[in-house]
Amino acid sequence: MLISKDRNPRSYRIVGPQRQIDERDTPHPRVDRGELGDRLRTWRKTIGEDPLRRILSGGGGGDSNNTLSNIMRRIPEGKVNPNKIPVSDPAHMARNIKEIARFLGADVVGITHLDQAYVYSHRASGNAAAGEKPGDPIHLPHCYAICMGFASDYYKLLSNNSRISDTEYGLGNNHTIPTTFMLASYIREMGYPARAHHYGTYEINPIPLAVNAGLGELGRHGMLIHEEYGSRLHLSVVTTDLPLAVDEPVDIGVEDFCKYCMKCARTCPSHSIPFGGKEVYNGVEKYRINVETCYKHKLASRGQWYSCVICVSSCCYNKPKAWWHTLALWSIKKTPIPLRPLLIKPLLWIDDLFWGKRPWRHMKWLDYDNAPQPVTCNIPGCQAQHKNLQHKRLHPKPVVGSTVG
Ligand code: B12
Ligand code: SF4
Ligand code: SF4
């Protein structure tokens, strides 16, 4: 059991000891073992009829050497250069490292202490070239976590759920790989140990680390929300012993917004996002989605898409870069916390008015077109008249104050 150093972020609270999570108990390995049902296990193995999907995420039918993340899972990390560059000013080094991370491709960067509570206890998959086997205990004694975010295109995600939003989401995952790999290599060449945690391989949970590093706050939908990019931000981390000054968590009003907004909960097609308050799980009080129903919603795609991104697109923080978005965020941050609801309620009304209660756009790109299609049911013998997959009644929003914790 580990006691985390409380950094007082507003979007979560440490209320007890935390145990490290075994990566084998996280959702993908559980699905691969069939614990969420045979249909989902088969789906994960066989989906992949689109070539873009196959290069971006792997999947059945493709050559794994055509998928960057699969290749990266098989290579060992480079050696640490024996000639260590001395660091006399960790704050100066932190500024340099952030500049390099941005130069190498990250959109946002923050640094925090590596809290062992967010390091997996055991690995789920092996890497023979690095001498790592599935089930091996993870030993990651580094002091710092350099957390990076890679933004996706706002409009492509608005085509949710479609092949277009899939490719944008898949590309974002892949964008994390080269930058994270190069930053870890750079630090090793400076003479300090460093490990890259990206879409190809993780030994840590990036979300709590990114919250602690000040990249944003944890939203009701369970993801990190950044003030400019919302949650259309893919996360990666480099852990290291290079001496660095750390950042503080930020307050961008997510805690207050999520109490009243609930747009993600209203639009989630699988009812996986809570309307109610936070809950305590593994020593942390935070919002918690129903991971199983969210994962199983993939079966509803009937081959038309792969990754649901509705909660990302719905979130009011997820907007294209514009002066009015910056102004709204600035006003929230400057308003004293007790007065924020007075500002949030009109902002939510404006959000629904201009961006819709269920943000979505018709889009054509390459030969893809996300216009609603009549659904062809793939359940043998099914006679039901299915509506198209975009058509959905919103879940009613409960009366504010009755269930919010
Ligand atoms: C398995 C997985 C999935 C599964 C299960 C969903 C889930 N939320 O766990 C499926 C395939 C359904 C999925 C869906 C999605 N995912 Co996903 N997923 C992962 C993965 C690989 C592991 C997550 C995990 O272990 N969950 C199991 C347990 C830990 O979940 P939990 O107890 O509910 O805790 C969640 C949060 O509360 C938080 N958390 C856990 N402990 C603590 C402690 C503290 C203090 C805090 C603050 C937070 C925190 O992390 C968990 C992940 O959401 C991570 C990458 C990674 N290595 O972590 C990406 C990741 C969480 N997914 C991501 C995204 C973008 C998505 C989707 C939008 C796209 C998609 N369809 O694939 C949806 C959004 C669903 C949602 N609302 O969360 C991003 C989130 C980025 C962000 N800005 O926060 C991640 C980080 C990948 C990345 N590299 O960027 N995902
Ligand atoms: S990814 Fe889709 S199904 Fe999962 S929580 Fe978000 S909106 Fe709901
Ligand atoms: S949609 Fe609203 S409730 Fe959901 S995470 Fe975003 S701000 Fe919070």
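Residues numbered from 1 in each chain as written. Chains lettered and ligands numbered in written order. Predicted model: local features only at pLDDT ≥ 70, side-chain atom pairs only at ≥ 80, totals over all residues.

### Notes on the overall build of the chain
This is how it is decided: Helix and strand definitions here come from DSSP, where helices need a minimum of 4 consecutive H or I residues and strands a minimum of 2 consecutive E residues; each element is numbered from the N-terminal end. Exposure in this text rests on C-beta crowding, where 20 or more other C-beta atoms within 10 Å of a residue's own make it buried, 12 or fewer make it exposed, and counts in between make it partly exposed. The C-beta atoms are placed from the backbone.
The helix and strand tally for the chain stands at 14 helices and 11 strands. A total of 405 residues make up the chain; the buried ones form 40% of that total.

### Some remarks on the confidence of the model for the chain
Stated precisely, the cut-off is as follows: The score called pLDDT rates the predictor's confidence residue by residue, from a low of 0 to a high of 100. Contact between residues is assigned whenever the C-beta positions, reconstructed from backbone atoms, fall within 7 Å.
Mean pLDDT over the chain works out to 90, with 89% of the residues at or above the 70 mark. In this model, residues 401–405 is a region of pLDDT below 50 whose contacts with residues beyond four sequence positions or in other chains number nine contacts.

### Describing the site of ligand 3
Condition: As used in this record, a residue near a molecule or strand is one whose C-beta atom, placed from the backbone, is within 6 Å of it. Side-chain classes are defined by residue name, with Ala, Val, Leu, Ile, Met, Phe, Trp, Tyr, Cys and Pro counting as nonpolar, Asp, Glu, Lys and Arg as charged, and the others, Gly among them, as polar.
Lining the immediate environment of ligand 3, one finds 13 residues, of which Gly219, Cys258, Cys261, Cys264 and Cys315 sit closest. Where the shell around ligand 3 is concerned, the elements lending two or more residues are helix 9 (254–260) and helix 10 (263–267). A per-class count over the shell around ligand 3 returns eight nonpolar, three polar and two charged.

### Focus on the site of ligand 2
Close to ligand 2 lie Cys268, Pro269, Ser270, Ser272, Ile273, Ile289, Cys294, His297, Cys308, Ile310 and Cys311. Class assignment for the residues of the shell around ligand 2 results in eight nonpolar, three polar and no charged.

### Some details on the environment of Gln116
Inspection of the secondary structure assignment puts Gln116 in the loop between strand 2 (108–113) and strand 3 (144–151). Put simply, Gln116 and Gln20 are 96 residues apart on the chain and 7.5 Å apart in space, counted from C-alpha to C-alpha.

### Description of the nonpolar core
The nonpolar side chains of a soluble globular protein tend to be buried with one another. Short version of the rule: Nonpolar core, as used here: buried Ala, Val, Leu, Ile, Met, Phe, Trp, Tyr and Cys residues forming one set through C-beta atoms within 7 Å.
Core analysis: the largest hydrophobic core is formed by 71 residues, its most contacted members being Ile146, Cys147, Ala210 and Leu224. If sequence neighbours within four positions are ignored, Leu224 has contacts with Ile207, Ala210, Val211, Leu215, Gly216, Leu218, Ser231, Leu233 and Leu235. Counting residues in hydrophobic clusters, the runner-up holds five residues, among them Val31, Trp43, Cys294 and Tyr295.

### Some details on the pairing of strand 3
Test applied: Paired strands, in this sense, are two strands between which DSSP finds at least two bridges.
Most of strand 3 is tucked away, with seven of its eight residues classed as buried. Alignment of strand 2 against strand 3, held across six bridges, turns out to be antiparallel. Within strand 3, the position partnered with Val108 by the bridge is Gly149. Relative to strand 7 (residues 233–240), strand 3 runs antiparallel, the two being bridged by eight bridges. Residue pairing in the sheet places Cys147 in a bridge with Val237 of strand 7.

### Digging into the environment of Pro86
Summarising the element assignment, Pro86 is placed in the loop between helix 4 (68–72) and helix 5 (90–104). The class for Pro86 is exposed, based on 7 C-beta atoms found within 10 Å. Taking the C-alpha atoms as reference points, Pro86 and Pro243, separated by 157 residues in sequence, lie 9.4 Å from one another.

### Some points on the sheet that holds strand 4 (residues 194–197)
Our working rule: Convention adopted: a line fitted to C-alpha atoms gives each axis, helices being fitted over their contacting stretch, and angles between N-to-C directions are expressed from 0 to 180 degrees.
What the four strands build is an open sheet, ordered 2-3-7-4; its pairing is antiparallel. Single-partner strands in this sheet number two, and they are strand 2 and strand 4. The sheet shows a mean angle of 20° between the axes of neighbouring strands, taken without regard to direction. On top of the sheet, helix 5 reaches strand 2 and strand 3; it is set at about 140° to strand 2, its chief contact.

### What about the sheet that holds strand 1 (residues 13–14)?
On the basis of which strands lie adjacent, the open sheet formed by three strands has the order 1-9-8 and antiparallel pairing. Each end of this open sheet is capped by a strand with a single partner; those strands are strand 1 and strand 8 (279–281). Where strand 1 meets strand 9 (residues 284–286), two bridges bridge the pair, whose relative direction is antiparallel. When the bridges of strand 9 are listed, Arg13 appears paired with Glu285.

### Observations concerning helix 7 (residues 163–189)
Rules: Multiplying 1.5 Å by the residue count of a helix minus one yields the expected span of that helix.
Taking 1.5 Å per residue as the helical rise, helix 7 with its 27 residues ought to reach 39 Å, and the 40 Å between its terminal C-alpha atoms agrees with that figure. Burial within helix 7 is extensive, with 21 of its 27 residues counted as buried.

### Overview of the packing of helix 5 against helix 7
Spelled out, the test is: In a left-handed crossing the near helix is turned counterclockwise from the far helix by less than a right angle, and in a right-handed crossing that turn is clockwise.
At a minimum axis separation of 9 Å, helix 5 and helix 7 run at an interaxial angle of 140°. For the pair helix 5 and helix 7, the crossing hand works out as right-handed. Every residue of helix 7 that contacts helix 5 at Ile100, Ala101 and Leu104 is listed here: Thr179, Met182, Leu183 and Tyr186. Across the contact of helix 5 with helix 7, the residue classes tally to six nonpolar, one polar and no charged.

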